[in-house]
Structure formats: structure tokens, C-alpha cells
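# Survey of secondary and tertiary structure
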Amino acid sequence: MSTTGKQLRVGMVGYAFMGAAHSQAWRTVNRVYDLPARARMALICGRDSGKVAEAADRLGWEAYTTDWRDLIDRDDIDVVDVCTPGDSHAEIALAALAAGKHVLCEKPLANTVQEAREMAAAAATAQAAGVRSMCGFNYRRVPAVTMMRQLVADGRLGVIRHVRAVYLQDWIVDPQFPLVWRLQKDRAGSGALGDIGAHIIDLTQYVTGQRITGVSAVTETFVKERPLPAESSGLAASANGGDGQVVDGAGPATGPVTVDDAALFVARLDGGALATYEASRFATGRKNALRVEINGSLGSVVFDLERLNELEFYDATRPTAEQGFSRILVTEGEHPYMSAWWPPGHIIGYEHSFTHQMRDFVEAIATGADPAPSFADALQVQLVLDAVARSAELGSSWTEVEPALAAVAV
Ligand code: SOE
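### Some words on the overall build of the chain
From N to C terminus, the chain includes eleven helices and 16 strands. For the chain, the C-alpha radius of gyration of 23 Å lies close to 22 Å, the compact-globule estimate for 410 residues. With the principal axes as the frame, the chain shows a C-alpha extent of 70 × 65 × 40 Å. Every one of the 410 residues in the chain was classed for burial, and the buried ones make up 50%.

Laid out in C-alpha cells, this is it:
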């Protein structure tokens, strides 16, 4: 399909890590794929005019604004890309959908189930008017992950018995790391659970085609107080009980961490599989370590984000003498998404998953298809997040281990 000359004028809200990743994808997608409509980086929005002006120039946006409502009110914007902290996802996405804009919203969809329900309902209403919406679970669009799903769908693993997923980081192991927005419940909704746990919840449901029906969880906040970031002296009031000024001699202002540092849970999936999930920001040495293993009656498959161009595949139907995990290099033209890039063996990276995301979103809008994951899919993830948080809070399935009467060597 050649580009028809039709264009989609994109307005993006936010310019931090995800804003940069999305910008790279918007800059690239037209050059890599022959799309039915051309994505135009029309407008970027951020609260600080100096910083957003610099971001517009650095990231390649035609113009900038400091008011997201201005972006949504403009009739020369077709798509709104929400790359802000979770506490503004609902307000921005709901306004954009009501204004007839297609919406791509970063994960997790919202900070609460209530917000997610409102967003999913608004997306369904807007869909009837031809407005498309999608949630940015980008790891679905790593070619190896899409191939993992295909192996399961083709029955190559047989009946799925186990799902084993971890997402491990260590960027806040230092207790002096400041109290950034990701560590504040009112901004982020939750901690490791919603930020990285949401990814492995979505990814495992996508790959297996099964949904999580029940969980039993524990969460922990290892470091409960952290230094306030330099620019948020306003928090000093609550931290120091003062009038907004840090009290002399009170030492560095600190504030409470109000989210989980780690979340671990077991789950049942509706196809009968048993699953374990671990999301932690205290896995010292693990920088962005997402790994999923699926065990079935006919085989197993393993995806490791640190080796995202590969899959490990165990085919239990092979002759016993030939059994073993094989390493599939997912770079052939026939592999998902790979025909657009380089010859076999020339690997791609983390950022390419965002380009694939934008390609699928633009094609869905241009062809009138419904992109996935939808806001309804993302609501289901939000419901799992909420169930994990409630299970951890209730501790209902927790059974204490009776201490041994006599000291024993362990
Ligand atoms: C957390 O640090 C984070 O940026 C997540 O928010 C992203 O979704 C993930 O892709 C990388 O890590």
C-alpha cells in the first residue's frame, strides 16, 4: 500500500522517557513502513514552556504548547498520544475521546479501576463514531513475543500448564534515590506492580490467550522514606509539618513512599494454567529484566527481554535423543514485523517495539480496524492490578509458619 497522501496529525502530551520513546517511533514509522496514512509530529505538550520548547526541537515536533486542553481543542490534531504520569491519563484521554480524537495511552491505563472503567466506556462510545483507542503495552510488539503467541495459538506447546513471569529492575535500591512521582500513589497509582507488573500481566495474557481469574499476593515497601526531589519543596510541608519551608536543622526534607517496591503473586488463568508473577525494583543487578516462560504438555517457550531477538523453544514431540531447548533467532523476514527492517541476523532493539506499535495504530485508524490492546483489554489488566493490591492488603491466603520450638540449623 502506498501512502495515499492522507495524514494523521499527532499531538503528544509528555516528553520524559516515554515521550522520547514514542517520539522516536513517530519519527521512524513513516520511513520504515508504507502506511495508508502518514503520521505527522504536529504538536508536543508539556507544562514547562522552556523544557517543552527544547523537547520539541530535540525530539522533532513541529510545534509545542503548555496546555493539553489547547492541544485537544485544535481541529488540526487527529491523534492524542498520552505519555504522562498515570494521574492524568483519564482526564486527558476522556477529553480527547469526547473531542473525537484517536487516543494512544501509555500503560497502565489508569491509576484506579474506576478511571479505567470510565475510559473503556468512553472508548467504546467513541468507537461507534469511528474513533480508535489503544493502550501502550509495547512488549506485545517485540517480534519474539508475537511469535511466542503464535506458537501457543498453533498448539505447539499443547495444553498450557505453567506461566512464570518476572520483571526486575534495581533503580531505587539506593535509599537516597529521591521521592520521584513513580513512588507516590497519588501520581502513579501503585509502584512496581502497576509500572512493570502491568507489562507481564498483559504480555502473559496476550501470549497464552488466557485471562487471570484469581490471585494471591504479597507486596513490600522496603524503603519507606526518601529524600524529596530538589524541585518539590512543596512536599516539605507535609514531610516537615512546616508552612512549606524546610525547618532549619530538620535535615534533608524527606517524604513517605506510598507505593510498593515489589509485588509477588500466584494466579490461576481461565484456561487452567497456574502462574507466578514477580515485579520488583529491588532486584539488585537486574536493570530491565523481563522474562516469561510458558510450560505446556507438548513443549515450552522462553522470552528474555535482555535477549529480545531470541526465543528458547523446547519441542517435546521431537525424538527423545534430540530433546533440548533450541534458540530461535527471530530476525527472518517471515517473523512478525521483521520484514520492514534488516536482513536476517541483523538484530533490533527495545525502541523498535514502539515503532511497531505506531505502525499498528496508524494502520488500524486508516483502515477502520480496532487496535489491540484496547482500553477494554487494559481495563482487564487494571482489574488484575487491583485484585493483587487487595489480596496483598488482606493477606487472606497467608499462613504463618510455626517457629520451631528448638533452635535448628537451617
Ligand atoms: C519503568 O522504569 C519503565 O520505564 C516502565 O515505566 C516502562 O513501561 C518500561 O518499558 C521500562 O521501565
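### Section: a nonpolar patch on the surface
Together, Val218, Leu264 and Trp398 give the surface a local cluster of nonpolar side chains, amounting to about 290 Å² of exposed area. On the basis of relative accessibility, which here comes to 56%, the residue Trp398 falls in the exposed class.

### Digging into helix 10 (residues 352-367)
Compared with an ideal rise of 1.5 Å per residue, which puts 16 residues at 22 Å, helix 10 spans 22 Å between its outermost C-alpha atoms and is within 8% of the ideal. For helix 10, the tally of buried residues reaches twelve of 16 residues, placing the bulk of the element in the interior. Taken residue by residue, helix 10 has His352, Ser353, Phe354, Thr355, His356, Gln357, Met358, Asp360, Phe361, Val362, Ala364 and Ile365 as its buried positions. Backbone geometry just after helix 10 places Gly368 at a positive phi near 75 degrees.

### Here's the deal with helix 4 (residues 89-98)
Every buried residue of helix 4 is listed here: His89, Ala90, Ile92, Ala93, Ala96 and Leu97. Taken from the residues just after helix 4, Gly100 is the one with a positive phi, measuring 80 degrees.

### Considerations on the sheet that holds strand 15 (residues 310-315)
Within a beta sheet, neighbouring strands are joined by backbone hydrogen bonds and run either parallel or antiparallel to one another. Read from one edge to the other, the open sheet built from eight strands follows the order 8-11-12-7-13-14-15-16, with strand pairing classed as mixed. Only two strands of the sheet have a single partner each, and these edge strands are strand 8 (212-220) and strand 16 (325-329). Strand-to-strand twist across the sheet, computed as the mean angle between neighbouring axes with direction ignored, equals 15 degrees. Pairing of strand 14 (residues 299-304) with strand 15 involves four bridges; the strand directions are antiparallel. Its bridge partner lying in strand 15, Val301 is registered against Phe313. Sitting on the sheet, helix 8 (residues 192-208) is in contact with strand 7 (160-168), strand 8, strand 11 (262-269), strand 12 (274-280) and strand 13 (289-296), with an inclination near 150 degrees to strand 12. Those strands touched by helix 11 (residues 375-394) are strand 8 and strand 11, and its axis lies near 50 degrees from that of strand 8.

### What to know about the environment of His356
With respect to the secondary-structure elements, His356 resides in helix 10. Taking relative accessible area as the criterion, His356 reaches 0% and is therefore assigned buried. Considering only alpha carbons, one finds His356 and Ala25, 331 residues apart in sequence, at a separation of 8.0 Å. Excluding anything up to four places from it in sequence, His356 contacts Tyr33, Arg141, Pro143, Tyr337, Trp341 and Ile348.

### Topic: the pattern of salt bridges
Side chains carrying opposite charge are able to pair once their charged atoms draw close together. Enumeration over the complete set of coordinates arrives at 27 salt bridges. The salt bridge partner of Arg307 is Glu312, with a shortest N-O separation of 3.8 Å. Look at Glu312 and you get partly exposed, because its relative accessible area is 27%. Close ionic contact of Arg327 with Glu310 constitutes a salt bridge, the shortest N to O distance being 3.1 Å.

Parameters and conventions
Residues numbered from 1 in each chain as written. Predicted model: local features only at pLDDT ≥ 70, side-chain atom pairs only at ≥ 80, totals over all residues. Heavy atoms only, no water. Helix = DSSP H or I, 4+ residues; strand = E, 2+ residues; numbered from the N terminus. Rg over C-alpha atoms; globule rule 2.2 N^0.38 Å. Buried < 20%, exposed > 50% of the residue type's maximum accessible area, 1.4 Å probe, protein only. Patch = residues over 30% accessible without salt bridge, like charges linked within 9 Å, V, L, I, M, F, W, Y side chains within 5 Å. Areas by Shrake-Rupley, 256 points an atom, 1.4 Å probe, with all protein chains shown as cover. Salt bridge = Lys/Arg side-chain N within 4 Å of Asp/Glu carboxyl O. Expected span 1.5 Å × (residues − 1). Pairing = 2+ DSSP bridges. Axes fitted to C-alpha atoms, helices over the stretch in contact; angles between N-to-C directions. Contact = heavy atoms within 4.5 Å.

Remember that the coordinates give geometry; whether it matters functionally is a separate question.
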